[in-house]
Amino acid sequence: MTNRLAMPLLLLAAFLLAGVGAFIVGFTNEPHRVWGVFLVNFLFWSGISQSGAVFLAILQVTNAGWGQPLKGIAARVAAFLPISFLLFFLLYLGRESIFPWIGNPIPEKAIWLNFPFLFVRDGIGLAILTAGSLVLILSRYGKGRLFASVFLLVYVLVYSLIGFDLVMSLDPHWYSTLFGAYFFMSSLYLGLAALGVLSVLSKKYLMSEVEISPAHFHDLGKLLFAFCMLTGDFLWSQFAVIWYGNISEETEYVILRTMEMPWAPLAWWVLIGSFIVPFFVLLSRRVKENPWSHLGVASVVLIGMWFERYLLVVPSLWRGESLPLGWLELFITLGFFAAFALTYITFGQALKDFSVGK
């Protein structure tokens, strides 16, 4: 297996170096652009990785025996979390490019929107969540239902906070009490899509000994279908309330992303790729059961949700007339992908020594 993985590992290492190089170049030349795509990828890959631990906790709380073969894959997914935690603090370097309220404070929100407090509260929350995830994966103390239940509550609280602080505060005059719920729910949605993709590829190339049957893919597909409907419902509920409320502080955020160029076409792609296509395709039992069709629809969800994170973040930071999508965004995204994939592959062997699947 080592020889077979030598070339993929070298390619991933090259992607990682290219991503670091693009970040350094962008950091000096186009800081708003580079920090925007950095934050998009941080939210995207961290959400996927955190969902691996959340999936394990859900199986533990519900005593779901059907997911036993998927536990090892979910544990590998969560291996990126320590790196994600460190990457969070890189945002400190780009705080003035990311958070407009640092240069233009809002007096009535200054108690909450101030930069030392934001990094302290988010850092503590992510530290607790990362530590809890590692305990859940690596220690027998994480195998109890009580621990898993508390862990899920912490996930809901911390990821709601991350949604408020790292997304909603980029446009500090916009507010939504529903956004925190939407953010942690949509993070789990994209995590389930990633789990579907990785289950197919791992069974084929990395973990041929794991018994993943069509029934497992069917159950995972049903979960993906359920969270497609649930996340889509949260999205529609938020949109509808803002629309009929017609409050300028709320509608400007929606109008910019759905009706103004260059963002409006992207909003349609997000709607179609993330929700409409998966909803209708996943109605089919055969699609859910077949590994390759499952991989196809899950990949569409992942691409759509990457652009959903992009649409949440970048319009708040970019004021150009065209979409900031080019080599800079491509290489930084490839760098994050490589870091995630390298931890998935290399730490996966170490995780085999623990009883995540027992």
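Remember, it's a predicted structure, so these values are computed and weren't measured experimentally.

### Here we look at unusual backbone geometry
Of note, the amide linkage connecting Met 261 to Pro 262 takes the cis form, showing an omega dihedral of 5 degrees. Position of Pro 262 among the secondary structure elements: in the loop between α11 (248–258) and α12 (264–281). Although it is not a glycine, Asn 63 adopts a positive phi angle of roughly 55 degrees. Along the chain, the position of Asn 63 falls in the loop between α2 (31–62) and α3 (71–77). Asn 63 sits in the exposed class, given a relative accessible area of 54%.

### Let's talk about a nonpolar patch on the surface
A grouping of Trp 268, Leu 271, Ile 272, Ile 276, Val 277, Phe 280, Val 281 and Leu 283 is seen on the molecular surface, where their side chains present a nonpolar patch of about 710 Å² in accessible area. Following the sequence through the fold, Trp 268 ends up in helix α12. Exposure remark for Trp 268: the relative accessible area of 56% places this residue in the exposed category.

### Things to note about the confidence of the model for the protein
A low pLDDT means the predicted coordinates there should not be read in detail. Mean pLDDT for the protein: 86, with 93% of residues reaching 70 or above. Helix α4 (residues 81–88) holds the highest mean pLDDT among the elements of the protein, 94, whereas α11 holds the lowest, 76. Per-residue pLDDT stays below 50 along residues 353–358; that stretch engages in twelve contacts with residues further than four places along the chain or on separate chains.

### Things to note about the packing of aromatic side chains
Here the structure, examined in full by the defined rule, presents 35 aromatic pairs. Judged by centre distance (5.6 Å) and plane angle (20 degrees), the ring pair of Trp 306 and Tyr 310 falls under stacked. Of the two residues, Trp 306 and Tyr 310 are both situated in helix α14 (residues 291–313); the distance of four residues between them amounts to about one turn of the helix. When sorted by exposure, Trp 306 lands in the same class as Tyr 310, which is buried. The structure contains a cluster of three or more aromatic residues connected by ring pairs, namely Phe 42, Phe 85, Phe 88, Phe 89, Tyr 92, Phe 99, Trp 101, Phe 115 and Phe 119. It is Arg 95 that lies over the ring of Tyr 92; its NZ or CZ is 4.1 Å from the centre. Positioned over the ring face of Phe 117 is Arg 121, at 4.5 Å from the centre of the ring.

### Concerning the side chain of Asp 122
When you line up the elements, Asp 122 lands in helix α7 (residues 115–138). Buried and without a salt bridge, Asp 122 has Arg 121 as its closest oppositely charged side chain, separated by 4.3 Å. Ignoring any residue separated from it by four or fewer positions in sequence, one finds Asp 122 in contact with Phe 88, Leu 161, Ile 162, Asp 165 and Leu 166.

### Side note on the pattern of salt bridges
Counting across every chain of the model gives six salt bridges. For Glu 289, the salt bridge goes to Arg 285, with nearest N and O atoms at 2.9 Å. Within this pair, Glu 289 and its partner Arg 285 are both found in helix α13 (residues 285–289), separated by four residues, close to a single helical turn. It is possible to trace a salt-bridge network through shared partners that takes in Glu 30, Arg 33 and Glu 329.

### A short note on the packing of helix α8 (residues 145–166) against helix α9 (residues 179–205)
It is the contact of α8 with α9, at a shortest axis distance of 8 Å, that shows an interaxial angle of 110 degrees. Taken together, the axes of α8 and α9 lie roughly perpendicular to each other. For the element pair α8 and α9, the recorded crossing hand is right-handed. Where α8 approaches α9, its residues Tyr 155, Val 156, Tyr 159, Ser 160, Ile 162, Gly 163 and Phe 164 are matched on the opposing element by Phe 179, Gly 180, Ala 181, Phe 183, Phe 184, Ser 187 and Leu 188. The residue inventory of the contact of α8 with α9, partitioned by class, reads ten nonpolar, four polar and no charged.

### What to know about α2
Between the first and last C-alpha of α2 there are 45 Å, a value that for 32 residues agrees with the 46 Å anticipated at 1.5 Å per step. Burial within α2 is extensive, with 27 of its 32 residues counted as buried. Phi for Asn 63, located one or two positions after α2, is positive at around 55 degrees.

The rules behind the values
- Residues numbered from 1 in each chain as written.
- Predicted model: local features only at pLDDT ≥ 70, side-chain atom pairs only at ≥ 80, totals over all residues.
- Heavy atoms only, no water.
- Helix = DSSP H or I, 4+ residues; strand = E, 2+ residues; numbered from the N terminus.
- Buried < 20%, exposed > 50% of the residue type's maximum accessible area, 1.4 Å probe, protein only.
- Patch = residues over 30% accessible without salt bridge, like charges linked within 9 Å, V, L, I, M, F, W, Y side chains within 5 Å.
- Areas by Shrake-Rupley, 256 points an atom, 1.4 Å probe, with all protein chains shown as cover.
- Salt bridge = Lys/Arg side-chain N within 4 Å of Asp/Glu carboxyl O.
- pLDDT = per-residue confidence, 0-100.
- Contact = heavy atoms within 4.5 Å.
- Phe/Tyr/Trp six-rings, centres within 6.5 Å; stacked < 30°, edge-to-face > 60°.
- Lys NZ or Arg CZ within 6 Å of the ring centre and 35° of its normal.
- Lys, Arg positive; Asp, Glu negative; His and termini not counted.
- Axes fitted to C-alpha atoms, helices over the stretch in contact; angles between N-to-C directions.
- Parallel < 35°, antiparallel > 145°, perpendicular 65-115°, else oblique.
- Left-handed = near helix turned anticlockwise from the far one by under 90°.
- Nonpolar A, V, L, I, M, F, W, Y, C, P; charged D, E, K, R; others polar.
- Expected span 1.5 Å × (residues − 1).

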